[in-house]
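Topology and contacts: notes
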Amino acid sequence: MKGFLIDLDGTLYRGHEPIPHAAAFIHWLHQHQLKYLLVTNNSSRTPEQVAEHLQELGIEVPAAAVYTSSQAAAQYLTEQRGGNRVHMVGEAGLRIALEASGFALGDGTTPDYVVQGIDRSFSYEKLTEAVRHLTHGATYVLTNPDRMLPSDGGLMPGAGSLAASITAASGVEPVVIGKPSPIIMAYAIEQLGLPAADVWVIGDNVHTDIRGGMLAGCRTALVLTGVATADNVQEQLASAGLTPDLVCDDLQHFIAHFNEWDGL
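This structure is a prediction, so every number in the text was calculated from the model and none was measured.

Ranked by internal contacts, the top residues of the largest apolar core, which has 31 residues, are F4, L12, F25, L38 and F254. If you list the elements that add at least two residues to this core, you get β1 (3-6), α1 (22-31), β4 (35-40), α2 (47-56), β13 (199-203), β14 (219-223), β15 (246-248) and α10 (251-261). Examining the composition of this core, we find that five residues originate from one element, α1, more than from any other. Counting 29 residues, the second largest nonpolar core, distinct from the first, contains A73, F103, I183 and V199.

Strand order in this open sheet of six strands is β5-β4-β1-β13-β14-β15, and the pairing throughout is parallel. The two strands at the open ends of the sheet, each matched to only one other strand, are β5 (66-68) and β15. Here the average twist between neighbouring strands, direction ignored, is 25°. Relative to β4, helix α7 (residues 182-192) is tilted by about 155°, and along the sheet it contacts β1, β4, β5 and β13.

Our next topic: the pattern of salt bridges. In this structure the tally under the stated criterion is seven salt bridges. For the salt bridge of E99 with R95, the shortest nitrogen-to-oxygen distance reads 3.4 Å. A residue pair is termed a helical-turn pair when its members lie 3 or 4 positions apart in one helix, as E99 and R95 do in helix α4 (residues 92-100) at four residues. Counted as one network, the salt bridges with shared partners bring together D7, K179 and D209.

Another point: the environment of G137. Considering the arrangement of structural elements, one finds G137 in the loop between α5 (124-135) and β9 (139-142). Sequence-wise, G137 and P111 are 26 residues apart; in three dimensions their C-alpha atoms are separated by 8.7 Å.

Evaluated as defined, the whole model comprises nine aromatic pairs. Judged by centre distance (6.1 Å) and plane angle (80°), the rings of F25 and F254 are edge-to-face. Of this pair, F25 sits in helix α1 while F254 sits in helix α10, and the two are 229 residues apart along the sequence. In this structure F254 comes out as buried when scored by relative accessible area, which is 0%. On the numbers, 5.4 Å between centres and 80° between planes, the contact of W200 with F254 is edge-to-face.

All right, on to the packing of helix α8 (residues 206-215) against helix α9 (residues 233-240) then. Axis separation between α8 and α9 bottoms out at 10 Å; the angle between their running directions is 60°. By the angle between their axes, α8 is oblique relative to α9. Considering the relative orientation of α8 and α9, their crossing is right-handed. Along its contact with α8, which presents V206, H207 and R211, the element α9 presents Q236, L237, S239 and A240. Looking at the contact of α8 with α9, its residues break down into three nonpolar, three polar and one charged.

Parameters at a glance
- Residues numbered from 1 in each chain as written.
- Predicted model: local features only at pLDDT ≥ 70, side-chain atom pairs only at ≥ 80, totals over all residues.
- Heavy atoms only, no water.
- Core = buried A, V, L, I, M, F, W, Y, C linked by side-chain atoms within 4.5 Å.
- Buried < 20%, exposed > 50% of the residue type's maximum accessible area, 1.4 Å probe, protein only.
- Helix = DSSP H or I, 4+ residues; strand = E, 2+ residues; numbered from the N terminus.
- Pairing = 2+ DSSP bridges.
- Axes fitted to C-alpha atoms, helices over the stretch in contact; angles between N-to-C directions.
- Contact = heavy atoms within 4.5 Å.
- Salt bridge = Lys/Arg side-chain N within 4 Å of Asp/Glu carboxyl O.
- Phe/Tyr/Trp six-rings, centres within 6.5 Å; stacked < 30°, edge-to-face > 60°.
- Parallel < 35°, antiparallel > 145°, perpendicular 65-115°, else oblique.
- Left-handed = near helix turned anticlockwise from the far one by under 90°.
- Nonpolar A, V, L, I, M, F, W, Y, C, P; charged D, E, K, R; others polar.

By themselves, these figures tell us nothing about what the structure is for.
Printed below as a string of structure tokens:
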């Protein structure tokens, strides 16, 4: 049995546009009863919202097959047992995941943690408040390090870009949860219930998806449909210093290569 950890942004869709062959790829997984989990660094949506968004794009997946960096951050904090007071810099997906795990957000007391994800209303005031909490001893937790994200109109700044300003101002380095961190990878592999060597990590970002998969001991496939493209792939690979097991034009191309490697 083989399992798959599959990225979302840039792999299955770009913004509000499905990537060609994405729906057929998910159908192929279901047809062959292959275990998979959609692992996203995007902290802004809940699994239910991700599944609904995919359905609107013609890609049928259950919410239980989605694992976000917000869920991983909440799981990590629960395991730390370092307090339940959180100052959050982020959006609804992060807030819901933290509250569902019993964390108290913005109760007026000094927080135990500053948890930060993507926040498209980020401001100087939010920067100031986060920095003050960190300089007073709060632990800094970052959902994901992505500095740029694919979107309908091209690349846009990600959570990692916001984190760069918080770190520069506070001098505090965050605990990174999302890919390529071993934290989210270990949680996701555990959910699949398979050895890491039997898991393929598929994504469009060499620095997060591919690096995370390699560090976790998984096989890796880079698809050229998001951050990595046919025009920049050699530059991307050189800058990361990595060589994935496969480089594929798209997910249909991956299926053909997978059948050569593992067969069905």
